Amino acid sequence: IPVKTTNIEEFEVSVYRIDLRTVASYGDLFKSLNEYESDSIESFWGEPLGSRKVSLDSELNETLSFNLDLQPLLYDIEPGMFVAVFNSKDFDFFRYENRPTQWFMISDIAVSLYRGDTYTDVFLTSFDTNNSIAKANVDVLAANNKRLFSGQTDETGRVRIETARLTGSGGLKPELLVAQTAA
């Protein structure tokens with residue numbers, strides 16, 4: 001994860017895995033999180049994977065840019081949705097103030113979506129092999145967590161969805177497409 005700091009001597013990054021079944025109903029998805037929201041993830045919406053302290057050696061007012069390796073916290077992990085939340089005594093934040101937050105996904109599945117008047121075609125391809133992914137399960141979830149569509153890709157990696165299923169509003173507005181393989 002790319003990180004840029006100024007006047008930070010040490011920080012801690014905590015990583016959480018978000019349960020994909022709750023993503024559509026989780027209201028803080030892709031937002032910067034405060035301590036209360038981080039506690040909520042840990043106790044209800046996801047699972048903590050661990051924390052890591054990072055000490056920095058920089059001059060006053062010097063900006064450091066580097067990539068932070070989270071692999072030690074993500075070893076032997078299944079694909080999914082993750083969030084990294086950064087804390088430091090140098091931030092001088094109250095509990096209700098947002099922390100630097102980075103949302104990310106780990107997946108081998110590339111998704112291409114082509115929307116037409118009648119149908120929307122979704123194609124799944126493997127990043128590793130660049131081959132189509134057959135027999136993958138595809139779900140479209142609404143903002144209220146209702147399943148709007150569930151299907152499986154064919155041998156070309158395609159699943160066809162009636163576009164009318166994707167035109168809802170309010171709680172029935174499409175919020176998330178989840179694609180999963182058996183392996």
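Every chain begins its residue count from 1, and numbering advances along the sequence as written. At least 70 in pLDDT is required for a residue's local features to be given in this predicted model, at least 80 for side-chain atom pairs to be given and counted, and no such filter applies to totals for whole chains, interfaces and linings, which use all residues. Side-chain metrics rest on all non-hydrogen atoms present in the structure, leaving aside hydrogens and water.

A.B. asks: So what's going on with the environment of Asn87? Which residues, and what values?
C.D. replies: Runs of H or I in DSSP of at least four residues are treated as helices and runs of E of at least two as strands, each being numbered from the N terminus. Looking at the secondary structure, you find Asn87 in strand β5 (residues 80-87). For the pair Asn87 and Ala136, spaced 49 residues apart in the sequence, the C-alpha separation amounts to 38 Å. Other than its neighbours up to four places away in sequence, Asn87 contacts Phe11, Glu12 and Arg99. Polar contacts here mean pairs of N or O atoms no more than 3.5 Å apart (in protein, one a potential hydrogen donor and the other a potential acceptor; neighbouring residues in sequence count only if both atoms are side-chain atoms). At 2.6 Å, the side chain of Asn87 forms a polar contact with the side chain of Arg99. Any pair of residues with heavy atoms lying within 4.5 Å of one another is described as a contacting pair.

A.B. asks: Lay out the sheet that holds strand β8 (residues 119-126) in plain terms, naming residues and giving numbers.
C.D. replies: Between any two strands, at least two bridges found by DSSP are needed for them to pair. As summarised here, the arrangement of the three strands in space is β7-β8-β11, forming an open sheet in which the pairing is antiparallel. On the outer flanks of this sheet lie β7 (109-115) and β11 (158-162), each paired with one strand and no other. Geometrically, the sheet is characterised by an average inter-axis angle of 20° between neighbouring strands, direction not taken into account. Across five bridges, the pairing between β8 and β11 is antiparallel. Bridge pairing links Val122 to Val159 in β11. Think of each axis as a best-fit line through the C-alpha atoms, taken over the contacting stretch in the case of a helix, with angles from 0 to 180 degrees between the N-to-C directions.

A.B. asks: Could you give me a rundown of a nonpolar patch on the surface, with the residues and numbers involved?
C.D. replies: Patch definition: residues with relative accessible area over 30% and no salt bridge; like charges joined within 9 Å; nonpolar side chains (Val, Leu, Ile, Met, Phe, Trp, Tyr) joined within 5 Å. We get accessible surface area from the Shrake-Rupley algorithm with a probe of 1.4 Å; when it comes to residues, only the shown protein chains can shield them. Whenever a carboxyl oxygen of Asp or Glu lies within 4 Å of a side-chain nitrogen of Lys or Arg, that contact is scored as a salt bridge. On the surface, Tyr36, Phe94 and Tyr96 cluster together into a nonpolar patch covering about 390 Å² of accessible area. Summarising the element assignment, Tyr36 is placed in helix α1 (residues 35-45). Relative accessible area serves as the criterion here: at 47%, Tyr36 is assigned to the partly exposed category. Between buried and exposed lies partly exposed: a residue is buried under 20% and exposed over 50% of the maximum accessible area for its type, with that area taken using a 1.4 Å probe on protein chains only.

A.B. asks: So what's going on with unusual backbone geometry? Residues and values would help.
C.D. replies: In this structure, Asn7 is a non-glycine residue whose phi angle is positive, near 60°. Relative to the helices and strands, Asn7 resides in the loop between β1 (2-6) and β2 (10-18). Given the relative accessible area of 35%, Asn7 is considered partly exposed. Of note in this structure, Asn61 is not a glycine but carries a positive phi near 65°. By the secondary structure assignment, Asn61 is in the loop between β3 (46-55) and β4 (63-67).

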